[in-house]
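# Secondary and tertiary structure notes
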Amino acid sequence: MNLNLEEIKNKILTDVKYQIIILIIVLLVFAYILFKPNKPKRQTPCYNLHLKVWANFDKDKFLSFISPFSSKYCLYFDYYKKDFDNLEKDFIYALAGREAPDLIYAPNYIIYRNKKYLQEINLNLPKPLFLETEIENLGVPVNIDSLTFIYNKRIFDFFNYQPPTTISELNNLLADFKNKNIKDFYLIALGTNEVKNKKEIILVLKTLEKKSLDQTINDYYNYSDEKSPNFALKRGLGSQDISLFANEKVGAFIGFYEDLKSVLRLNPRISYGVSQNPLETFPPTGKNFVKAFYFAIPKNSSNHEKTILFLKWLLEEKNYEKFIEEMDLIPIFKVSSIEPPKDIFQKNAEYGSSYLDLISLDDYPQFEKVLDVWENNPNEGRRALELLNLRF
């Protein structure tokens, strides 16, 4: 195509115009993207309030864990460490003085006995592994614990013993060990008042054997009868089974995860293993003993909405799993992973029962008194049992 000079000039000018227009459009688009007004961000409310919390966790660990929530919402936690032995009494006194906390962490029996003082909590929670319908809406379930067979691996390996999984296996081990005539050492802590969890063990034994309470208590104390073929532990040693196990004076005991942590504080280097409670059976004709723990809100809390906000944050999956790990607890909800030995304690809880299923909570303290008498005077113990008419 032949173009004269004038046509070439016009074409160049036209092309330059197009290029300038395109450049202007590009610059305008870029300027809009760069300088467009941002949508106003939704500001997180800053409440500038204090929440009073009663629990038995390590204070520094708990406050460190909740610090992201606290700083995000300007909610400050006044934390009071309360052991369960004094929690209920202190709670009643605080209610009377109008100084109750906004949130308490407590075992199921304390929640149940004080349900009239607690607000209902209705959150959309996943189904817990252990459900207690009696207190389902009185608190938020946090963690569980279960009776488990805890043994010294080094000692069991030395005698070529396997941890028993049934009561007959348990009795056979005790009979075999008795025949060895070993002095000042005991294979399994059972049958005395020095056994920390004697009440729970007797209640589980009762569900397994289907006997009367009188017979079950008598069977339990037979384990401390040196004439019995199933003799386990001498009476009057003056030390609790946890201490005896930690000091390797006894080879095994039936305890909770909290008891194992106590052992490890006394003897961090002990070689231990955990196994199914031999008093529990699968399918569960003999029900294991389970403890469940909750966060609950007193009715006279003035910060109900903010406390609910905290509980929702706590139960978010990543926060809950971190809480369980840092507080060293057994989760009551399914988590992405659970390490040994926690997995055994969790498994042992799935088919168990709690105080609420095994005994009237009003009678539980009286049950302790009966056992205190029974060891040294079975006849007086039976008489006390008859007079109290305990409900099971």
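The structure this text deals with has already been given above.
In this convention, every chain numbers its residues from 1, walking through the sequence in written order. Per-residue local features of the predicted model are confined to residues with pLDDT of at least 70, and side-chain atom pairs are confined, for both listing and counting, to 80 or more; whole-chain, interface and lining totals are unaffected and use all residues. To obtain the side-chain values, all non-hydrogen atoms of the structure were used and water was disregarded.

## Focus on the overall build of the protein chain
Operational definition: To qualify as a helix, a DSSP run of H or I must reach at least 4 residues; to qualify as a strand, a run of E must reach at least 2; elements of each kind are numbered from the N terminus. For every residue, the accessible area obtained with a 1.4 Å probe (protein chains only) is divided by the maximum for its type, and the residue is called buried under 20%, exposed over 50%, and partly exposed between those limits. In short, Shrake-Rupley with a 1.4 Å probe defines the accessible areas, and a residue's cover is counted only from the protein chains shown.
The helix and strand tally for the protein chain stands at 16 helices and 10 strands. Counting all 392 residues of the protein chain, 47% fall into the buried class. Of the accessible surface of the protein chain, which amounts to about 21,400 Å², a share of 50% is contributed by carbon and sulfur atoms.

## Considerations on the pattern of salt bridges
Rule in force here: One speaks of a salt bridge when a side-chain nitrogen belonging to Lys or Arg is within 4 Å of a carboxyl oxygen belonging to Asp or Glu.
Scanning the entire structure with this criterion turns up 14 salt bridges. Among the salt bridges present, the one from Arg113 reaches Glu88, with a minimum N-O distance of 2.7 Å. Residue Arg113 is found in helix H4 (residues 108-113), and its partner Glu88 is found in helix H3 (residues 84-96); the two are separated by 25 residues along the sequence. Look at Arg113 and you get partly exposed, because its relative accessible area is 30%.

## What to know about the packing of aromatic side chains
How we decide: In this scheme Phe, Tyr and Trp rings, the latter by its six-membered ring, pair at centre separations within 6.5 Å, and the angle between planes marks the pair as stacked below 30 degrees, edge-to-face above 60, and tilted otherwise. As a reminder, the over-ring test applies to NZ of lysine and CZ of arginine, requiring each to be within 6 Å of the ring centre and within 35 degrees of the ring normal.
Counted according to the given criterion, the structure contains 36 aromatic pairs. A ring pair is formed by Phe62 and Phe77, whose centres lie 6.4 Å apart and whose planes are at 75°; its orientation type is edge-to-face. Placement of the pair is Phe62 in helix H2 (residues 59-73) and Phe77 in strand S2 (residues 75-81), with a sequence separation of 15 residues. Centroid distance Tyr151 to Phe156: 5.1 Å. Interplanar angle 50°. Geometry classified as tilted. Summarising the burial analysis for this pair, Tyr151 and Phe156 share the class buried. Stacked on the ring of Phe256, the Lys or Arg Lys291 has its end atom at 4.2 Å from the ring centre. One residue, Lys306, lies across the ring of Tyr47, its end atom 4.8 Å from the ring centre.

## Side note on unusual backbone geometry
Following Pro340, the chain continues into Pro341 via a peptide bond in cis, with omega recorded as 0°. With respect to the helices and strands, the residue Pro341 is situated in the loop between strand S10 (330-331) and helix H13 (342-349). Notably, Asn48 is not glycine yet its phi reads approximately 55°, a positive angle. For Asn48, the location among the structural elements is in the loop between helix H1 (5-35) and strand S1 (49-55). At Asn160, a residue that is not glycine, the phi angle is positive and equals roughly 60°. Turning to its location among the elements, Asn160 is positioned in the loop between helix H5 (153-158) and helix H6 (167-178).

## A look at the state of the cysteines
Heads up, the rule is: The disulfide criterion used throughout: a pair of cysteine sulfur atoms within 2.5 Å.
Scanning the model with the defined rule gives one disulfide in all. Disulfide pairing places Cys46 opposite Cys74 at an S-S distance of 1.9 Å. On the sign convention where negative means left-handed, the S-S torsion of about -110° between Cys46 and Cys74 marks this disulfide as left-handed. Within this pair, whereas Cys46 is found in the loop between H1 and S1, its partner Cys74 is found in the loop between H2 and S2, the two being separated by 28 residues in sequence. For Cys74, a relative accessible area of 13% corresponds to the buried category.

## Digging into the layout of surface pockets
Note the cut-off: Grid points spaced at 1 Å and placed over the protein atoms alone form the basis of the search, with a cavity being a set where a 1.4 Å probe fits but cannot get out and a pocket an open set showing protein on both sides within 12 Å along at least five of seven lines. Lining residues have an atom within 4 Å of a point. Grid points are joined across faces, edges and corners, and a volume is the space filled by probe spheres set on the points. Under the scheme applied, nonpolar residues are Ala, Val, Leu, Ile, Met, Phe, Trp, Tyr, Cys and Pro; charged residues are Asp, Glu, Lys and Arg; polar residues are all the others, including Gly.
In this structure, the largest pocket encloses a volume near 1,200 Å³. Residue lining of the largest pocket: 40 residues in total, with Asn56, Phe84, Glu258, Lys291 and Phe293 positioned closest to the centre. Top contributing element to the lining of the largest pocket by residue count: helix H10 (residues 257-266), with six residues. Split into classes, the residues belonging to the lining of the largest pocket amount to 17 nonpolar, four polar and 19 charged. Around the second largest pocket, the lining is made up of 14 residues, and of these Ile182, Lys183, Tyr186, Glu226 and Phe231 lie nearest the centre. When contributions to the lining of the second largest pocket are tallied by element, the ones reaching two or more residues are H6 and strand S6 (186-188).

## What about helix H7 (residues 198-209)?
Quick note on the threshold: Here a helix's expected span is defined as the number of its residues, less one, multiplied by 1.5 Å.
A rise of 1.5 Å per residue sets the reference length of H7, with its 12 residues, at 16 Å; its end C-alpha atoms lie 16 Å apart and thus fit the reference within 8%. Of all 12 residues in H7, 10 are buried, a share of seventy percent or more. Taken residue by residue, H7 has Lys198, Lys199, Glu200, Ile201, Ile202, Leu203, Val204, Leu205, Thr207 and Leu208 as its buried positions. Trailing H7 by a residue or two, Lys210 shows a phi angle of about 55°, which is positive.

## Comments concerning the nonpolar core
Note on soluble globular proteins: their nonpolar side chains tend to be buried together. Our working rule: Residue types Ala, Val, Leu, Ile, Met, Phe, Trp, Tyr and Cys, when buried and joined through side-chain atoms within 4.5 Å, form a set referred to as a nonpolar core. Whether two residues are in contact is decided by their heavy atoms: any pair within 4.5 Å suffices.
If you look at the biggest cluster of nonpolar residues, it comprises 113 residues, and the most contacted ones within it are Phe57, Phe62, Phe295, Phe310 and Phe323. Beyond its immediate sequence surroundings of up to four residues, Phe323 is in contact with Phe57, Phe62, Phe65, Val142, Phe295, Leu314, Asp328 and Leu329.

## Concerning the sheet that holds strand S7 (residues 250-255)
The test is simple: Two strands make a pair as long as DSSP finds a minimum of two bridges between them. In this description, a line fitted to the C-alpha atoms serves as the axis of each element, helices being fitted only across the stretch in contact, and the angle between N-to-C directions of two axes falls anywhere from 0 to 180 degrees.
With mixed pairing, the four strands of this open sheet are ordered in space as S6-S7-S5-S8. The open sheet is flanked by S6 and strand S8 (272-275), the only strands paired with a single partner. Averaged over all pairs of adjacent strands, the angle between their axes in this sheet comes to 25°, without regard to strand direction. One ladder, built from four bridges, connects strand S5 (residues 148-152) with S7; its direction is antiparallel. The partner of Ile150 across the bridge, within S7, is Phe253.

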